[in-house]
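Summary of the model geometry
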Amino acid sequence: MERTLSIIKPDAVAKNVIGEIYSRFEHAGLKIVAARMKHLSREEAEGFYSVHRERPFFADLVEFMTSGPVMIQVLEGQDAITRNRELMGATDPRQAAPGTIRAEFASSIDANAVHGSDAPETAKQEIAFFFGADEIYSR
Ligand code: CMP
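Residues numbered from 1 in each chain as written. Predicted model: local features only at pLDDT ≥ 70, side-chain atom pairs only at ≥ 80, totals over all residues. Heavy atoms only, no water.

Turning next to the site of the ligand. Surrounding the ligand, one finds Lys9, Tyr49, His52, Phe57, Leu61, Thr91, Arg102, Ile109, Asp110, Asn112 and His115. Contacts to the ligand include Tyr49, whose side-chain N or O atom sits 2.6 Å from an oxygen atom. Here Asn112 contributes a side-chain N or O atom positioned 3.2 Å from an oxygen atom of the ligand. (Near = heavy atom within 4 Å. Polar contact = N/O pair within 3.5 Å; in protein donor to acceptor, adjacent residues only side chain to side chain.)

As structure tokens, then:
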């Protein structure tokens, strides 16, 4: 069993597709074991994406991620990190495979509907950024 952090970004929350995206997780065998809706502060968005601090897109990324509420969840299942990344599709929706979340719901590389952890170490850090151990309801 593995866990990954998933964020439904402000564009997808505004489009009212939280449920459609949750269905995809569930049909792929990923269980939602923690969840919270939150409007991130600038400090939270900068802290969460601190690895990208030096990248040219950082300011736009923080601006976008604080533009409205997000839905944050921990997904649990076999190969959860890879499975979630397959469901999401490529970061740039123009490159995302047909049928993936980003192909269906994203409109640009910033407004790309979802975030998912990319590796076991980052998944641990990202989960701990938003959830305490007592807020994760696993069997
Ligand atoms: P996400 O998986 O949330 O991680 C960082 C985000 O930065 C990424 O999704 C994109 O929404 C955004 N971003 C904007 N420009 C780029 C870029 N050139 N490369 C990677 N990520 C980008």
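There's more to say after this.
In the UniProt entry, the feature "binding site: ATP" (unreviewed entry) is given for Lys9, Phe57, Arg85, Thr91, Arg102 and Asn112. With respect to the helices and strands, Lys9 occurs in the loop between β1 (2–8) and α1 (10–14). With sequence-adjacent residues up to four places away left out, Lys9 is seen in contact with Tyr49, Phe64, Met65, Pro69, Val70, Asp110, Asn112, Ala113, Val114 and His115. Its location among the elements puts Phe57 in the loop between α3 (42–48) and α4 (58–65). Classification of Phe57 as partly exposed rests on a relative accessible area of 30%. (UniProt positions renumbered as here; feature names shortened; annotations may be inferred. Helix = DSSP H or I, 4+ residues; strand = E, 2+ residues; numbered from the N terminus. Contact = heavy atoms within 4.5 Å. Buried < 20%, exposed > 50% of the residue type's maximum accessible area, 1.4 Å probe, protein only.)

To continue, consider the side chain of His115. Tracing the backbone shows His115 in strand β4 (residues 114–116). The exposure class of His115 is buried, given its relative accessible area of 13%. Within the structure, His115 has its side chain in polar contact with the side chain of Glu126 (distance 3.0 Å). If we skip the residues at most four places from it in the chain, His115 touches Leu5, Ser6, Ile7, Lys9, Phe48, Tyr49, Asn84, Met88, Arg102 and Glu126.

Okay, the packing of aromatic side chains next. Scanning the entire structure with this criterion turns up five aromatic pairs. Ring centres of Tyr22 and Phe25 lie 6.2 Å apart, and the angle between their planes is 40 degrees; on these two criteria the pair is classed as tilted. Taken as a pair, Tyr22 and Phe25 lie in helix α2 (residues 18–27) at a separation of three residues, close to a single helical turn. You'll find Tyr22 and Phe25 in the same group, each marked buried. Ring plane angle 80 degrees and centroid distance 4.9 Å describe the contact between Phe129 and Phe130, whose orientation is recorded as edge-to-face. Judged by its relative accessible area of 38%, Phe129 is partly exposed. (Phe/Tyr/Trp six-rings, centres within 6.5 Å; stacked < 30°, edge-to-face > 60°.)

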